[in-house]
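Below, each chain spelled out in residue letters.
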Amino acid sequence: MKSFAIIGLGLFGSQLAMDLFNEGHNVLVIDNDENIIEKIADRVSKAVTVDAKNREALSQLGIQKYDCVIVCTSNDLATSVIITMNLKALQVQKIICKVRDETDKEVLETLGASMCIVPEHVAAMKLSKKLTADNV
């Protein structure tokens, strides 16, 4: 069993968290919206309302002990930058960031993100392959 922390619970972050939990992993979710946390709390290992821009709060959660932290705050590059910097300062080993585009990817990888993904690109590639394979 691996341990994952997911920061930001939009559609992508929430679905990822539930999928990982359903696969038997330890999943911590973090969001600053208490209503969102309440909706997902029984579908993950632990759900907390915290401002992930607060380095001390992340440290108190033991974020550095997780195998991987996924930052899903792509709608606001500045927030993703601050969170990624905090995670690096706390010596998190694997940081994956959801990003909007290649520019955001370059910024976050420069700051030390292990990997950045643009979900729309991934979905489009998968659909393209499926359509080609199905001879649609």
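Note: the structure precedes this text.
Residues numbered from 1 in each chain as written. Predicted model: local features only at pLDDT ≥ 70, side-chain atom pairs only at ≥ 80, totals over all residues. Heavy atoms only, no water.

**Student:** Is there a simple way to think about the sheet that holds strand 1 (residues 3-7) in this case?
**Tutor:** Backbone hydrogen bonds are what pair the strands of a sheet, in a parallel or an antiparallel way. A sheet is described by the order of its strands in space; here six strands give the open sequence 3-2-1-4-5-6, paired in parallel fashion. One side of each edge strand has no neighbouring strand; the edge strands of this open sheet are strand 3 (46-49) and strand 6 (115-117). Looking at each pair of strands side by side, their axes are set apart by 15° on average, direction ignored. By the bridge criterion, three bridges tie strand 4 (residues 68-71) to strand 5 (residues 95-98) in an arrangement that is parallel. Paired with valine 71 across the strands is cysteine 97, a residue of strand 5. On top of the sheet, helix 4 (residues 77-89) reaches strand 1, strand 4 and strand 5; it is set at about 165° to strand 4, its chief contact. (Pairing = 2+ DSSP bridges. Helix = DSSP H or I, 4+ residues; strand = E, 2+ residues; numbered from the N terminus. Axes fitted to C-alpha atoms, helices over the stretch in contact; angles between N-to-C directions. Contact = heavy atoms within 4.5 Å.)

**Student:** How should a negative patch on the surface be read in this particular structure?
**Tutor:** The grouping of Asp101, Glu102, Glu106 and Glu109 at the surface amounts to a negative patch. Tracing the backbone through its elements, the reader meets glutamate 109 in helix 5 (residues 102-111). A relative accessible area of 36% means that glutamate 109 is categorised as partly exposed. (Patch = residues over 30% accessible without salt bridge, like charges linked within 9 Å, V, L, I, M, F, W, Y side chains within 5 Å. Areas by Shrake-Rupley, 256 points an atom, 1.4 Å probe, with all protein chains shown as cover. Salt bridge = Lys/Arg side-chain N within 4 Å of Asp/Glu carboxyl O. Lys, Arg positive; Asp, Glu negative; His and termini not counted. Charge placed at Lys NZ, Arg CZ, Asp CG, Glu CD. Buried < 20%, exposed > 50% of the residue type's maximum accessible area, 1.4 Å probe, protein only.)

**Student:** What am I meant to see in unusual backbone geometry here?
**Tutor:** Glycine aside, residues mostly have negative phi, and peptide bonds are mostly found in the trans state. Positioned with a positive phi, glutamine 91 is a non-glycine residue whose angle comes to about 65°. Positionally, glutamine 91 belongs in the loop between helix 4 and strand 5. Glutamine 91 sits in the exposed class, given a relative accessible area of 59%.

**Student:** Hey, could you run me through the state of the cysteines in this one?
**Tutor:** Here a disulfide denotes a covalent bond joining the sulfur atom of one cysteine to the sulfur atom of another. With the rule as written, the count across this model stands at zero disulfides. Unpaired in terms of disulfides, cysteine 97 finds its nearest cysteine sulfur in cysteine 116, a separation of 4.7 Å. Overall, cysteine 97 belongs to the buried group, its relative accessible area being 0%. (Disulfide = S-S within 2.5 Å.)

**Student:** Would you mind going over the nonpolar core with me for this structure?
**Tutor:** Taken as a class, soluble globular proteins show a tendency for nonpolar side chains to be buried jointly. Among the nonpolar cores identified, the biggest contains 26 residues, and Ile7, Ile30, Leu58, Ile63, Val69, Leu87 and Cys97 are the most heavily contacted of them. At the level of secondary structure, the elements contributing two or more residues to this core comprise strand 1, strand 2 (26-31), helix 3 (55-60), strand 4, helix 4 and strand 5. No other element matches the three residues that helix 4 contributes to this core. (Core = buried A, V, L, I, M, F, W, Y, C linked by side-chain atoms within 4.5 Å.)

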